[in-house]
Amino acid sequence: MNTREALKDKKRIVIKIGSSSLTHSETGRLNLRKLEVLVREISDLRNQGKEVVLVSSGAIAVGSAVLGMNGKPKELKKKQACAAIGQAKLMMIYQKLFSEYNQTAAQILMTKNTIVNDSNRENVLNTYNQLLDFGVIPIVNENDSISTYEIETLEQFGDNDTLSAVVAALIQADVLILMSDIDGLFTDDPNKNPDAKFIETVEELDEHLLQMGKGSSTSNVGTGGMQTKLTAAQIATAAGTDMVIANGKDFHNIHRILEGKACGTLFVGNAIESFDLIDYIRKLL
């Protein structure tokens with residue numbers, strides 16, 4: 001069985017959805033048709049007996065749209081207020097949509113301290129494991145309303161890309177799927193270079209590949225470019241988790257990936273015995 005076909009047997013799955021994949025580009029408001037497809041895809045994975053964690057961006061973007069703002073605010077306190085409004089709206093809609101497929105969703109909000117503090121990390125891991133044992137779908141986001149550190153570093157580290165990789169490593173997920181605004185990893189930015197070649201599989205993430213991702217996001221809604229996704233790949237693969245970057249324009253790509261089809265760029269998990277997630281996060285953040 002090759003690395004793609006092996007994805008069929010993955011049981012514990014983390015899926016990260018960026019802001020640009022959840023909202024209409026013209027208005028910044030939620031794309032409800034796409035949300036319905038996403039919820040149906042995840043619900044069907046649950047019906048197959050798989051465990052799914054959803055890391056969902058979009059709180060600030062949704063809150064901004066609710067308040068009639070033209071794009072996301074730059075002032076920190078306004079971002080926090082928009083996050084509080086948008087997170088509540090997101091969860092309300094997720095709960096409603098998942099209930100239509102007889103699924104239960106739960107909210108988990110995390111900060112850097114959730115991971116680096118030993119007691120907090122143990123508690124949140126126990127919560128994840130118990131929710132998954134109950135058959136519940138945890139929906140995760142940064143706790144932007146209270147965490148000034150995370151909301152500021154979000155501009156540097158990406159639109160929940162790092163968080164999703166940390167969650168995947170923490171719960172020992174089998175695969176992490178990043179739904180992005182690009183088909184996967186290319187040898188150059190395909191938006192600028194028409195000769196850029198698509199990379200289907202990455203067996204080993206080296207410095208040369210890491211350099212390819214700099215400055216490769218076209219979205220004005222999310223905050224993460226390809227570089228943040230490669231940082232996520234470093235964390236996930238070092239923890240032994242496979243990772244796939246795929247285009248979030250079509251959430252049906254989720255089942256295509258997990259059916260072993262050629263969709264997106266697959267980063268093969270290669271567990272590093274010396275890898276210490278907590279130490280890595282302390283240095284990263």
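Structure shown above.
Residues numbered from 1 in each chain as written. Predicted model: local features only at pLDDT ≥ 70, side-chain atom pairs only at ≥ 80, totals over all residues. Heavy atoms only, no water.

> In this structure, what is going on with the overall build of the protein chain? I would like to understand it.
Counting secondary structure elements, the protein chain contains twelve helices and ten strands. Accessible area of the protein chain: about 12,800 Å², with a carbon and sulfur share of 46%. (Helix = DSSP H or I, 4+ residues; strand = E, 2+ residues; numbered from the N terminus. Areas by Shrake-Rupley, 256 points an atom, 1.4 Å probe, with all protein chains shown as cover.)

> What am I meant to see in the sheet that holds strand β5 (residues 175–180) here?
By definition, the strands of a sheet pair up through backbone hydrogen bonds, in either a parallel or an antiparallel sense. Ordered by their spatial adjacency, eight strands build an open sheet running β3-β4-β2-β1-β5-β9-β10-β8, and the pairing between neighbours is mixed. At either end of the open sheet lies a strand with only one pairing partner, and these are β3 (105–110) and β8 (201–202). Here strand β9 (residues 242–247) runs beside strand β10 (residues 265–267); their pairing, made up of three bridges, is antiparallel. Paired with M243 across the two strands is F267, which belongs to β10. Relative to β3, helix α4 (residues 76–100) is tilted by about 155°, and along the sheet it contacts β2 (51–56), β3 and β4 (137–142). Against the sheet, helix α6 (residues 118–133) makes contact with β1 (12–17), β2, β3 and β4, and its axis sits at roughly 165° relative to β3, the strand it touches most. (Pairing = 2+ DSSP bridges. Contact = heavy atoms within 4.5 Å. Axes fitted to C-alpha atoms, helices over the stretch in contact; angles between N-to-C directions.)

> Quick question: what am I supposed to make of the nonpolar core here?
When a protein is soluble and globular, its nonpolar side chains tend to lie buried together. By size, the foremost hydrophobic cluster in this structure holds 45 residues, and its most contacted members are V14, Y128, V140, V167 and M243. For this core, the element with the highest residue contribution is helix α8 (residues 161–170), accounting for seven residues. Once you skip the residues sitting within four places of it in the chain, V14 turns out to touch V53, V55, S164, V167, A168, I171, A173, V175, L176 and I177. One finds L7, I17, V39 and L266 within the second-largest nonpolar core, a separate group that totals 37 residues. (Core = buried A, V, L, I, M, F, W, Y, C linked by side-chain atoms within 4.5 Å. Buried < 20%, exposed > 50% of the residue type's maximum accessible area, 1.4 Å probe, protein only.)

> What's the story with a nonpolar patch on the surface in this structure? I'm lost.
Judged by side-chain polarity, V66, L67 and I85 come together as a nonpolar surface patch covering roughly 220 Å² of accessible area. Among the structural elements, I85 can be located in helix α4. A relative accessible area of 32% means that I85 is categorised as partly exposed. (Patch = residues over 30% accessible without salt bridge, like charges linked within 9 Å, V, L, I, M, F, W, Y side chains within 5 Å. Salt bridge = Lys/Arg side-chain N within 4 Å of Asp/Glu carboxyl O.)

> What is the right way to look at the packing of aromatic side chains in this model?
When we look at a pair of aromatic rings, we describe it by the centre distance and by the angle of the planes. Summed over the entire model, instances satisfying the criterion amount to three aromatic pairs. Judged by centre distance (5.8 Å) and plane angle (55°), the rings of F275 and Y280 are tilted. The exposure class assigned to F275 is partly exposed, which follows from its relative accessible area of 22%. Above the face of the F251 ring, K34 is positioned so that its terminal group lies 4.8 Å from the ring centre. (Phe/Tyr/Trp six-rings, centres within 6.5 Å; stacked < 30°, edge-to-face > 60°. Lys NZ or Arg CZ within 6 Å of the ring centre and 35° of its normal.)

> What is the right way to look at the pattern of salt bridges in this model?
Charged atoms that come close allow side chains of opposite charge to pair. Summed over the entire model, instances satisfying the criterion amount to nine salt bridges. For the salt bridge of K16 with D161, the shortest nitrogen-to-oxygen distance reads 2.9 Å. With K16 in strand β1 and D161 in helix α8, this pair connects stretches of sequence that are 145 residues apart. Pair check on accessibility: K16 and D161 agree, each one buried. Several salt bridges converge on common partners, so that one network encompasses K16, D161 and K229.

> How should the environment of N2 be read in this particular structure?
Within the secondary structure layout, N2 lies in the segment before β1. By relative accessible area, which is 42% here, N2 ends up partly exposed. Distance from N2 to G260, taken between C-alpha atoms, is 9.1 Å for residues 258 residues apart in sequence.

> So what exactly am I meant to see when it comes to helix α2 (residues 32–47) here?
Each α-helix winds once per 3.6 residues, and so residues spaced three or four apart point in a common direction. Over its 16 residues, α2 runs 22 Å from end to end, which matches the ideal 22 Å to within 8%, given 1.5 Å per residue. For α2, the complete set of buried residues consists of K34, L35, V37, L38, V39, E41, I42, S43, L45 and R46. In this fold, the buried residues of α2 make contact with β1, α1 (19–22), β2, α4, β4 and α11 (253–258). One or two positions beyond α2, positive phi appears at G49, with a value near 95°. (Expected span 1.5 Å × (residues − 1).)

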